[in-house]
Amino acid sequence: MTEQKFYAVKKGRKIGVFRTWAECQKQVQGFSGAKFKSFTSETEAKTYINEKAISQSESKVNGEINSKNSSKPNIIVFTDGGSRNHGNTAGNHVKENDKAAWAYLINGQTGQHSDSGGEYGATNNRMEIMAFIESLQWLSEKHLENESIGFISDSKYVLNAIQKGWIKGWKKRGWKRSAGELKNAELWKQLDQLLQLFTNLQFAWTKGHANNKGNIFVDELLNKTMDEMN
């Protein structure tokens, strides 16, 4: 069986990802300065096309990070979580077969890495936490705990928990809120443990689904994951 290839055209008559060489060739043949490349996954192909745009959006958010810090992060991480559940509508609740997913994109000096995963019956907030956990685990596995790392997320819920010390408060109360039960307590515990491994983390909020290419990339990635869930 022939392996499916994805042809990414970064500069040509039409920018995009094509599934056949014939389609790609139409966009680049005879086009001055054409830029294109083949990949074995659609995600890698999209990342190649978006590299410059993602870098530009990083620079914009880095301005916010650098206004509070003296050094630019060596690694930028975009995270996102989403769900297609009835809990998104007032008065409704998440059902067991509702789809949810998380995704992250890590941009480092040696390249890019992205990943995504899905879960049934999960809330948007749970997936936002999972995106942080999964990306931190990958960074730890690569022994990057001492690198300067900037996280960019559209989840004020997770960012506030980290930056405003909510996690510390929940921890002191035995992983409970002052008002009672803490949802996703097991995930908050896991996130707390992972955060303690890293020595130089920076955080910035970005508006979701706007013009931040990195945020758009992870949003598209998690939606692709949900599309592929049975």
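Above this text sits the structure in question.
**Notes on the nonpolar core**
Step number 1: Ranked by internal contacts, the top residues of the largest apolar core, which has 33 residues, are F132, L139, F151, I162, I167, W188 and L191.
Step number 2: If you list the elements that add at least two residues to this core, you get β4 (75-84), β5 (99-108), α3 (124-141), β7 (149-153), α4 (156-163), α5 (166-172) and α6 (185-195).
Step number 3: With eight residues, α3 is the single largest residue contributor to this core.
Step number 4: If sequence neighbours within four positions are ignored, W188 has contacts with I129, Y157, V158, A161, I167, W170, W175, L182 and K183.
Step number 5: Counting twelve residues, the second largest nonpolar core, distinct from the first, contains I152, F217, V218 and M226.

**Observations concerning the sheet that holds β4**
Step number 1: If you walk across this open sheet you meet the five strands as β6-β5-β4-β7-β8, and the pairing is mixed. Only two strands of the sheet have a single partner each, and these edge strands are β6 (111-120) and β8 (201-205). Strand-to-strand twist of the sheet, defined as the mean angle between neighbouring strand axes without regard to direction, takes the value 20 degrees.
Step number 2: The pairing of β4 with β5 spans nine bridges and is antiparallel. Residue pairing in the sheet places I76 in a bridge with N107 of β5.
Step number 3: Contacts from α3 reach β4, β5, β6, β7 and β8, with the element oriented near 150 degrees to β4.

**Overview of unusual backbone geometry**
Step number 1: One non-glycine residue with positive phi stands out, namely H143, at about 60 degrees.
Step number 2: Mapping H143 onto the fold places it in the loop between α3 and β7.
Step number 3: Look at H143 and you get exposed, because its relative accessible area is 67%.
Step number 4: Positive phi values are uncommon outside glycine, yet W175 reaches one of about 60 degrees.
Step number 5: Relative to the assigned elements, W175 resides in the loop between α5 and α6.

**Quick notes on the environment of T225**
Step number 1: Along the chain, T225 turns up in helix α7 (residues 213-228).
Step number 2: Judged by its relative accessible area of 15%, T225 is buried.
Step number 3: Residues T225 and S116 lie 109 residues apart in sequence; the distance between their C-alpha atoms is 6.8 Å.
Step number 4: Excluding its chain neighbours within four sequence positions, the residues that come into contact with T225 are A101, S116, G117 and G118.

Conventions used here
- Residues numbered from 1 in each chain as written.
- Predicted model: local features only at pLDDT ≥ 70, side-chain atom pairs only at ≥ 80, totals over all residues.
- Heavy atoms only, no water.
- Core = buried A, V, L, I, M, F, W, Y, C linked by side-chain atoms within 4.5 Å.
- Buried < 20%, exposed > 50% of the residue type's maximum accessible area, 1.4 Å probe, protein only.
- Helix = DSSP H or I, 4+ residues; strand = E, 2+ residues; numbered from the N terminus.
- Contact = heavy atoms within 4.5 Å.
- Pairing = 2+ DSSP bridges.
- Axes fitted to C-alpha atoms, helices over the stretch in contact; angles between N-to-C directions.

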